[in-house]
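# Structural features, examined
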Amino acid sequence: MKSKLGIYVHVPFCVRKCLYCDFCSDTNLDSELVAKYFRALNEEINLYRHMAGDYVTDSIFIGGGTPSAVDSRYIDELMNHLNKWFEIDRNCEITIEANPGTIDIPKARDYIYSGLNRMSVGVQTLNDQLLKKIGRIHNAEEAEKTLSDIHQAGFLNVSVDLMFNLPDQRLKDVTADIDKILKHDINHISYYSLKVEENTPFHKMLKNNQIQLGSDEQEREIYHRIIEMLGNRGFKQYEISNFSMPGYESRHNMKYWSRESYLGLGLSSHSFIGQERFSNTTNLHEYIHNLLDQRLSRSEGEIIQGKDIIWEYLILGLRKTKGIQVEAFRIIAGSHYHEYRKILNKLEMNGLIEFDATCFRLTSLGMDLSNTVFVELLI
Amino acid sequence: MIDRQKYVRNFSIIAHIDHGKSTLADRLIEKTGFLTQREMHEQLLDNMDLERERGITIKLQTIRLVYKAKDGNEYILNLIDTPGHVDFHYEVSRSLAACEGAVLVVDAAQGIEAQTLANVYLALDQDLEIVPVINKIDLPSARPEEIKNEIEDVIGLEAQDAPMISAKEGINIEDVLEAIVKKIPPPSGDPEAPLKVLVFDSYYDSYKGVVAYIRVKEGRVKKGDVIKMMAASKTFEVAEVGVLGLGQLPVEELTAGDVGYLAASIKDVKYCRVGDTITKVNNPAKEALPGYKKVISMVYCGIYPADGEDFNNIRDALEKLQVNDAALLFEPETSVALGFGFRCGFLGLLHLEIIQERLEREFDLNIIATSPSVIYNIYKHDGTMLQIQNPTNLPSPTEIKYMEEPVVNANIMTPSDYVGPIMELCQNRRGLFINMEYIEKTRVILHYKLPLNEVIYDFFDALKSKTRGYASLDYELAGYQESKLVKLDILINNELVDAFSIVVHEDKAYERGRNMVEKLKDVIPRHMFAVPIQATIGSKIIARETVRALRKDVLSKCYGGDITRKKKLLEKQKEGKKRMRLVGSVEVPQEAFLTVLKFDEKK
């Protein structure tokens, strides 16, 4: 039987860069550059055609950047090209990220014709003031319009990205966001806490006291309220930042946390094939130049081995709320099992991890202090 | 033989820090043709890296120069270098005792500073002929004529014909050499009298044993002589004597007036202390040369291995340092918080810092130093007296009748603009104002009596910052005074951390306690539980802060499957954790032990 594969495709173009964003993206939407980029992507797909035969692809995720910012024909060509070499499962989950202000009904329909069946919409918040503050190009009304548009176009499987811990955002703002968003037909929510990364405008603004963030205590309080509120409305938390209606967990994301194979295509994308991790260049022109020259533009692969496998298995598995099966872990850890078990027991004593009959997982406190747990397990 | 002395000059160069002593020494060496310019290293005499970096001379170096003077004669000039800092007073005085004269270097822009005066007084104590030299005349801010007047007014030295030089640019160096030859008297002393040799420095050589740098005051000494160290009461057989060129040049014999070195297979520097007198077992001198003092450590601190460092490595390093530095004391001690380590004694704060840095740099050791302390006299109700330098060993307050602390006479020279801030500082440090003298219209010397434990606690840094570096300080020990002292302890998570304990004046305890807990609060990371930090005197809590429990420790989402980056971040965190000290169940970063001791004027 062929192994399963997830494919991630990065589209590094945006209308404007949000103030908190440190993803790899370019606001140059110059048609020539975009065309070149997609030609390069096609070349990259060609270069992987030899390995394509070994896998059957059951998830594709087109992320960014803002994939919806480019003309839909590029997405169509991309899908055609993937289909040319890769065996794509009939039930493949095919997601595209879209941002309000860059998508309308015709574009969404085009996506459906191209085979896409899931959309992840970058809403972030439905508060106009906050949207402005974080540098989004759309307001709340446009975001809500997008959600109804794509539904109307035929997307039945919809996820939204939301954020909390935004500057001056209070608990009541978050509750309002949740109330509003759940009026729409969605079945998946990624709810991220704003983390101010270096080399972003927010980082500078925070340092200059131009923005203020809530205390750790406030941030955690909101986080736990989110879990509670979404849970009450049928959205079960299945990973630290991800919630879904039953059966609508993101297959693609689950691959990351279950150490299943995925191939990253496009600028700055990451791949994990077998036990090898590698990543593409983050330099757009270098990427285009190399690929148009029919050369891959990726890092030296790193083969994950020994304890690193065990550690990855733990820190990724523990992100999932169902946790890790003790027996499965015993097999992965092999002769190191007792070493790790000792730490896990200590973490259990500290209230960071809990065991039940078959599994162990992070407790609620453990999620708040997940880094502490991961660092402890790094041996 | 008197003829031989006629062409010898033994001299030192004295100056305030940075007035150009070492640079002038380099130039003198260059001018005497001893070396070619190509062979010259910058600042040849300061041969330890640390000295070069700090621009100060720690260890003495001595060199013999051959100079053909304008009168047509060839002179032997023994240049005896002196350390340039207050901590090394005694070493300076012994070096000066080996000379007949001293070249006084004064910066043409800055003029007389505190250590200029301190050194001049030391030189006058030894009846030396002082040859003033005005340096840095190339500076745009140079005011040589004013400085000459200053030297005449303040020190009372004839300075109108003082050489005006720039050591840096090599200007008028010849004038200095001529002045040395003309003004400094040749050595005297009877070569046929019983042997009297002054040891003014020594160091350990792994082949020769202890090598003493000496000045023969009377008599003669050669290989094979059986000698006696008069203070140490030890006898040795001389293996080698010689003069100090660029390296050591063995000679047949040294006689009265000569400066050179002596090796006698001495295994331990403690048998060959600076200031001791060497004589012969046969026909010994009746009395030793005056001025020998056993150096006393004024400042103590604990030195402990930081995590991952081996206790034995520190012991080995301290032993190696001690071989060349008789003033460094150490003995093993144990701290509850820091484990096994050493209690070390130093001449002063600079000496302490230098040893710490040498341990870290030369020996590549990872150490933690505890808060510096002085020696306190503890008078108990039972009539006994204890001398305590480690606050941990202080008896319980109920046993103590009263305590005494060491005080110093401090002389602070400053532009008069800064008199206010300095007085405020001294007041704040429990100083007793003695008087103030004007050196010139805009510069004064302030005389204070200050508790030593206030001086070692960052006084120098505070002084520099309050005066933008213009003030200079010199101090000497002036006995003990009774004082209301208390032991201040720090409790972290209700556990006493002995390494943080200090002895402090009652009136300052609250402020210091508050300052310490606030700093600790900032450097101790959040734990899974709240960590109270308290400053206490006995059972009384005088300050308290709490490091709140860690409520959040998360990394943002996995970037599209970028596990590698996440791993790197976590590995960095793990690394940071390793550099922590576990105190009870609290992880205390190493920097806590350093930052807490540093005072910062919060203004």
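Refer to the structure printed above.
In this report, the structure presented in the accompanying data block is examined.

Scoring rules and cut-offs
Residues numbered from 1 in each chain as written. Chains lettered and ligands numbered in written order. Predicted model: local features only at pLDDT ≥ 70, side-chain atom pairs only at ≥ 80, totals over all residues. Heavy atoms only, no water. Helix = DSSP H or I, 4+ residues; strand = E, 2+ residues; numbered from the N terminus. Buried < 20%, exposed > 50% of the residue type's maximum accessible area, 1.4 Å probe, protein only. Contact = heavy atoms within 4.5 Å. Areas by Shrake-Rupley, 256 points an atom, 1.4 Å probe, with all protein chains shown as cover. Pairing = 2+ DSSP bridges. Buried area = accessible area lost by both parts, 1.4 Å probe. Salt bridge = Lys/Arg side-chain N within 4 Å of Asp/Glu carboxyl O. Polar contact = N/O pair within 3.5 Å; in protein donor to acceptor, adjacent residues only side chain to side chain. Axes fitted to C-alpha atoms, helices over the stretch in contact; angles between N-to-C directions. Expected span 1.5 Å × (residues − 1).

## Some thoughts on the overall build of chain A
If you tally the helices and strands in chain A, you get 16 helices and 15 strands. Counting across all 379 residues of chain A, residues that qualify as buried make up 57%. For chain A, the proportion of contacts with a sequence separation of at least 24, taken over those separated by at least 6, is 70%. As displayed, chain A has an accessible area near 16200 Å², and 48% of this comes from carbon and sulfur atoms.

## A few points about the pairing of strand 3 (residues 74-80) of chain B
Residue and element names in this part refer to chain B. Along strand 3, five of the seven residues are buried, which leaves the element largely enclosed by surrounding structure. As defined by bridge partners, strand 1 (residues 8-15) adjoins strand 3 across five bridges and the pair is classed as parallel. Of the residues in strand 3, the one forming a bridge with Val8 is Ile76. The pairing of strand 2 (residues 62-68) with strand 3 spans seven bridges and is antiparallel.

## So, the interface of chain A and chain B
Listed by partner, the interface residues are 36 residues for chain A and 27 residues for chain B. Counting the surface lost from both chain A and chain B, the interface buries some 3100 Å², and carbon and sulfur atoms represent 57% of this. Applying the counting rule to chain A against chain B returns eight salt bridges. Between B:Arg551 and A:Asp368 there is a salt bridge; the shortest N-O distance is 3.7 Å. Counting across the chain A and chain B interface gives seven residue pairs in polar contact (both at pLDDT 80 or more).

## Observations regarding the pattern of salt bridges
Oppositely charged side chains are able to pair whenever their charged atoms sit close together. By the definition in use, this model includes 56 salt bridges over all chains. For A:Glu239, the salt bridge is made with A:Arg319, and the minimal N-O distance between the two is 2.7 Å. Linking A:Glu239 in strand 7 (residues 236-239) with A:Arg319 in the loop between helix 12 (307-317) and strand 13 (324-325), this pair joins segments that are 80 residues apart in sequence. Here the two residues A:Glu239 and A:Arg319 agree in accessibility, since each one is buried. For the salt bridge of B:Arg220 with B:Glu253, the shortest nitrogen-to-oxygen distance reads 2.8 Å. Residue B:Arg220 is located in strand 8 (residues 220-222), and its partner B:Glu253 is located in strand 13 (residues 253-255); the two are separated by 33 residues in the primary sequence. Overlapping salt bridges bring together A:Glu219, A:Arg220, A:Asp368, B:Arg551 and B:Lys552 as one network.

## Side note on the environment of B:Ala232
Residue and element names in this part refer to chain B. Mapped onto the fold, Ala232 is located in the loop between strand 9 (226-229) and strand 10 (234-237). The exposure class assigned to Ala232 is partly exposed, which follows from its relative accessible area of 25%. Put simply, Ala232 and Ile278 are 46 residues apart on the chain and 9.7 Å apart in space, counted from C-alpha to C-alpha. Once you skip the residues sitting within four places of it in the chain, Ala232 turns out to touch Lys270, Tyr271 and Asp276.

## Topic: the sheet that holds strand 18 (residues 339-346) of chain B
Residues and elements named next belong to chain B. One open sheet holds the four strands; their spatial order is 17-18-16-19, and the pairing between them is antiparallel. Since the sheet does not close on itself, it has two edges, and those belong to strand 17 (329-335) and strand 19 (367-369), each with one partner. Taking each pair of neighbouring strands and ignoring which way they run, the sheet shows an average axis angle of 30°. Seen against the sheet, helix 8 (residues 311-324) touches strand 16 (299-305), strand 17, strand 18 and strand 19 and runs at an angle of roughly 15° to strand 18. Contacting strand 16, strand 18 and strand 19, helix 9 (residues 349-361) runs over the sheet at an angle of about 15° to strand 16.

## A few points about helix 5 (residues 114-125) of chain B
All names here are of chain B. With twelve residues, helix 5 extends 17 Å from end C-alpha to end C-alpha; this agrees with the ideal 16 Å at 1.5 Å per step. By the criterion of burial, helix 5 is predominantly enclosed, with nine of the twelve residues buried. By the burial criterion, the buried members of helix 5 are Ala114, Gln115, Thr116, Leu117, Ala118, Asn119, Val120, Leu122 and Ala123. Phi turns positive, to about 55°, at Asp127, one or two residues after helix 5.

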